[in-house]
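Residue-level listing of the chains:
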Amino acid sequence: MGHLLYTLGQVNKKTMHKYEQESKKLGKQSFMYAWILDETGEERSRGITMDVGQSKFETHTKIVTLLDAPGHKDFIPNMITGATQADVAILVVDATRGEFETGFEMEGQTREHALLVRSLGVNQLGVVVNKLDTVGWNQDRFQEIVGKLGTFLRQAGFRESDVTFVPCSGLTGINLVNPPTEEKLLEWYKGPTLLDVIDNFRAPERPITKPFRLSVNDIFKGTGSGFCISGRVETGLVETGDKVLVQPQNEMAVIKAVTIDDVHTSIAYAGDQVSVTLSGIEMQNVSVGYILCDTTQPIPVTSRFEARIVVFNIKVPITKGFSVILHHQSLSEQAVITKLVAQLHKSSGEVVKRRPRCLVKNSNAVVELTTSRPVCLELYRDVKELGRFMLRVGGVTIAAGLVTQIF
Amino acid sequence: MKLVHRNVDKDGEGVIALVPEEPEDMWHAYNLIAEGDCVRASTIRKVQNESSTGSSTSSRIRTTLTIRVEVIDFDTQACMLRLKGRNIEENQYVKMGAYHTLDLEVNRKFSLQKPEWDSVSLERVDTACDPTQNADVGAVVMQEGLAHICLITSSMTLVRAKIDQCIPRKRKGNVQQHEKGLLRFFENVMQGILRHVNFDIVKCIIIASPGFVKDQFYEYMFQQAVKTDNKILLENKGKFMLVHASSGFKHSLKEVLMDPAVISKIADTKASGEVRALESFYTMLQTEPAKAFYGIKHVERATEAQAIETLMISDNLFRVQDVKQRKRYVTLVDSVREFGGDVKIFSSLHVSGEQLDQLTGIAALLRFPMPELEDEDEESDEEK
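Residues numbered from 1 in each chain as written. Chains lettered and ligands numbered in written order. Predicted model: local features only at pLDDT ≥ 70, side-chain atom pairs only at ≥ 80, totals over all residues. Heavy atoms only, no water.

## Describing unusual backbone geometry
Under the convention used in this document: The helix count covers DSSP runs of H or I at least four residues long, the strand count covers runs of E at least two residues long, and both are numbered beginning at the N terminus.
A cis amide bond links A:Q247 to the next residue, A:P248, at an omega of 5 degrees. Tracing the backbone through its elements, the reader meets A:P248 in the loop between β9 (243-247) and β10 (251-260). You will see that A:N250, though not glycine, has its phi angle at about 60 degrees, which is positive. Among the secondary structure elements, A:N250 is positioned in the loop between β9 and β10. Within the chain, B:D229 stands out as a residue other than glycine whose phi angle is a positive 55 degrees. Summarising the element assignment, B:D229 is placed in the loop between α4 (213-228) and α5 (231-235).

## Quick notes on the interface of chain B and chain A
Operational definition: By definition, residues are in contact when any of their heavy atoms lie within 4.5 Å. In short, buried area is how much 1.4 Å probe accessible area vanishes from two parts on joining, totalled over both. One side-chain nitrogen of Lys or Arg within 4 Å of one carboxyl oxygen of Asp or Glu is enough to make a salt bridge. Throughout this description, a polar contact denotes any pair of N or O atoms lying within 3.5 Å of each other; where both atoms belong to protein, one of them has to be capable of donating a hydrogen while the other can accept it, and for residues adjacent in sequence the pair is counted only when both atoms sit in side chains.
Every contact between the two is made by 45 residues of chain B and, on the other side, 55 residues of chain A. Here chain B packs against chain A, burying approximately 4,200 Å² in sum over the two surfaces, 49% of which is carbon and sulfur. Between the two partners, chain B and chain A, sit one salt bridge. With a shortest N-O distance of 3.5 Å, B:D164 and A:R373 are connected by a salt bridge. Joining chain B to chain A, the criterion identifies one residue pair in polar contact (both at pLDDT 80 or more).

## Observations regarding the sheet that holds strand β5 (residues 80-87) of chain B
All names here are of chain B. Under the convention used in this document: We call two strands paired when DSSP finds no fewer than two bridges between them. Where helices are involved, their axes are fitted lines through C-alpha atoms of the stretch in contact, as for all axes, and angles between N-to-C directions lie from 0 to 180°.
In space, the seven strands of this open sheet follow the order β1-β2-β7-β3-β4-β5-β6, with antiparallel pairing throughout. Only two strands of the sheet have a single neighbouring strand rather than two, namely β1 (2-8) and β6 (99-103). Taking each pair of neighbouring strands and ignoring which way they run, the sheet shows an average axis angle of 35 degrees. Both β1 and strand β2 (residues 14-19) contribute to a ladder of six bridges, which runs antiparallel. Residue pairing across strands places H5 opposite A17, the latter belonging to β2. Those strands touched by helix α1 (residues 23-32) are β2, β4 (56-75), β5 and β7 (110-114), and its axis lies near 65 degrees from that of β4.

## Considering the domain arrangement of chain B
Residues and elements named next belong to chain B. This is how it is decided: Throughout the structure description, domain borders are defined by an automatic or database domain assignment.
According to the domain assignment, chain B contains domain 1 (2-133), domain 2 (137-267) and domain 3 (271-383). Centre-to-centre, using C-alpha coordinates, domain 1 lies 38 Å away from domain 2. The interface of domain 1 with domain 2 comprises eight residues on the first partner and seven residues on the second. Where domain 1 abuts domain 2, roughly 630 Å² becomes buried across the two surfaces, and 45% of that area is made up of carbon and sulfur atoms. If you look at where domain 1 meets domain 2, you find zero salt bridges. There are zero residue pairs in polar contact (both at pLDDT 80 or more) connecting domain 1 and domain 2.

## Overview of the packing of helix α4 (residues 76-84) of chain A against helix α6 (residues 109-119) of chain A
All names here are of chain A. What counts is decided by this rule: In this scheme, a crossing is called left-handed if the near helix is turned counterclockwise away from the far one by less than a right angle; it is called right-handed if the turn is clockwise.
Taken N-terminus to C-terminus, the directions of α4 and α6 make an angle of 35 degrees; their axes are 10 Å apart at the nearest point. Seen along the crossing, α4 lies across α6 with a hand that is right-handed. Residues I76, M79, I80 and A83 of α4 pack against Q109, E112, H113, L116 and V117 of α6.

## Considerations on the UniProt feature "domain: eRF1/Pelota-like N-terminal" (unreviewed entry) in chain B
Just so we agree on the cut-off: UniProt positions are given in the numbering used here, feature names are shortened, and annotations may be inferred rather than shown by experiment.
Annotation from UniProt places "domain: eRF1/Pelota-like N-terminal" (unreviewed entry) at residues 1-130 of chain B. Segment residues 1-130 of chain B splits into 15% helix and 49% strand. End C-alpha atoms: 8 Å apart.

## Re the pattern of salt bridges
Residue and element names in this part refer to chain B. To keep it simple, the criterion reads: When a residue's accessible area, from a 1.4 Å probe over protein chains only, is under 20% of the maximum for its type it is buried; when over 50% it is exposed; and in between it is partly exposed.
According to the stated counting rule, one finds 25 salt bridges over all chains in the structure shown. Among the ionic pairs, R108 bridges to E105, the shortest N-O distance being 3.9 Å. With relative accessibility at 31%, the residue E105 sits in the partly exposed group. D315 is the partner of R124 in a salt bridge, and the nearest nitrogen-oxygen pair spans 3.3 Å. Of this pair, R124 sits in helix α2 (residues 119-128) while D315 sits in the loop between β14 (308-314) and α10 (323-338), and the two are 191 residues apart along the sequence. With relative accessibility at 1%, the residue D315 sits in the buried group.

## A look at the sheet that holds strand β5 (residues 163-167) of chain A
Pairing between the strands of a sheet is mediated by backbone hydrogen bonds and can be parallel or antiparallel. Residue and element names in this part refer to chain A. Across the sheet, three strands lie side by side as β3-β4-β5; this open sheet has parallel pairing. Strands with a single pairing partner mark the edges of an open sheet, and in this sheet they are β3 (89-94) and β5. The sheet shows a mean angle of 20 degrees between the axes of neighbouring strands, direction not considered. Both β3 and strand β4 (residues 125-130) contribute to a ladder of six bridges, which runs parallel. The residue of β4 that forms the bridge with V93 is V129. Relative to the sheet, helix α7 (residues 139-156) contacts β3, β4 and β5, its axis offset from that of β5 by approximately 160 degrees.

This is how it looks when you write it as structure tokens:
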């Protein structure tokens, strides 16, 4: 991804040169493009992405905000935060022999990532088959990966027409922006470059007419007075000078300024990644996962709700009293499954069993959840983005859910 | 806890005198004392005397009171046990039948008279008086921006401090805020550890987190310790253990206690035993659902068939005010033991106990599958 930004001119030559030199010193020259998005010392010295990195670039028809999400198991919560804000996703898989297999086997991350983004409402996916240069641009290898992944993604619920596979090499930069020059690849590949794929994604419809909601993703001190929060406008629009309600704290605040990508604007619409400056509220009283919303139509706040969940491939069954971590937008909160209402049929959604004793893997069910602190949720049928959530236990995602009723 | 004397007759009626020695003993006492019991303990009362001329003097007097307990209060943070009830023994300072409140104190004897000492309470006295069961462990579960500092003793998990802080994320060209926030967070956690963990008592301190937060924190803490010449930390460096956990929430303690490295260190503490038992229950539920049941009704049925291998029961259930209910649970425990089953009484203060409480407080692993139990359940559902 870093290389893509560099080629598109988002990173200047001088900085790139600096990264190259510094990464060489650490003996990790191949990470030089990764450094564009991984900025903390910890991330650079370990050579992995830990938190979501944000950047933007332009294609022929679109302005794209890029969220670079971590892939490592321990940082999935961060990845969920990123994925909740995404419209489309690009899945990068390693084509090196053995590497793809470890990622794709039962315990691997590739499966979990694909399932996660699908459950979070992303339905267009670009699959980048990376490092194809290490296997000599072998077509069979590419086809093998396409075959395996394609079957799996169809099972996960992606439509075939919404998934595009692209062969490329991130380090050498082949087939990222410019059409490939590598002859071995040209022999069999005539498809689009990565940039074309991104350009071809359909833009989703934005719920601009709905009441304003913005989920807080980050809080930081900005320049000047007040403090800034950043996040994505989920629905509606926001203008400078608007009064907003901060939920679940139930406090009023005034929007002092709105910036999109460090440029001041007066108004932001649903789908925009913005940072807004707030006043009239203490910085301590806002935390990640809170929602800014319209004062006249505030978001419901609850600590008990009913939801329809899809249970993933889990090792131990879910019973009443299971404590889980609820991931909703940027929020992660401890919650307990207080009631198993009914087990549903996988495809028809009919009730198979009322009040089941436990839920086994790959089942659908209606459950009741209680969170330890009040959270902001919307019914799925009202606002899709704010009605989805994930349940995780012990570093594994166990279920994805939709809010069906708020008590 | 020290047992001073014990006088229980055949029918189970009698008096036991105990001296609590540690805060944890208060928790045992809380589980022993039920409504309607008589407790005799010494306390301090302020007594006002009025002389013949009308001037009054007040003095503090230590006196021994005997009350019939009506209200029991336990403060988990301070480990204080407060009993309220009517005085049943008159002395020169207090009248018969007056309401009094007793605070049980550490290192002061109290005697407890029960109309019936059942097997569960007698066992509780035995475990409380067993000095080998002491093992204190400090544990810090953390993730970026959230940390819980806990103390784990054999029957209690106490959250001493919760640190919840907002750390700005990394942003383009503005990494300093993130790093500053992180350092401030580490500083707070370190202060929390120094304030709440008594290094003389704890066997080891576990630092658990996802990713590299634990390593970063460990490094930071000892850098600071060297800088400020903090002897306590440096001397106890060997006691720290780094373990993986999936999050900074309290229930990840369960994962920590499952870690082989931790198990070997804290070996047979009750906490890790409980976690393992609960885990085996869940595994059974997955593999052979007809051999794992929860809920009093199912478990009782299984007992009738002498099918129970391991019974897990939360001590919360024994604290019910209703004598009949308690008797029901005690009979259950007794009959399981009689047929050679294993009974594990979970402490509701541990994370595993909390989970069991949510799961109706009672669960059992069976020797042989009893699928008929499940079917019966469906029938009773339809009736409703």
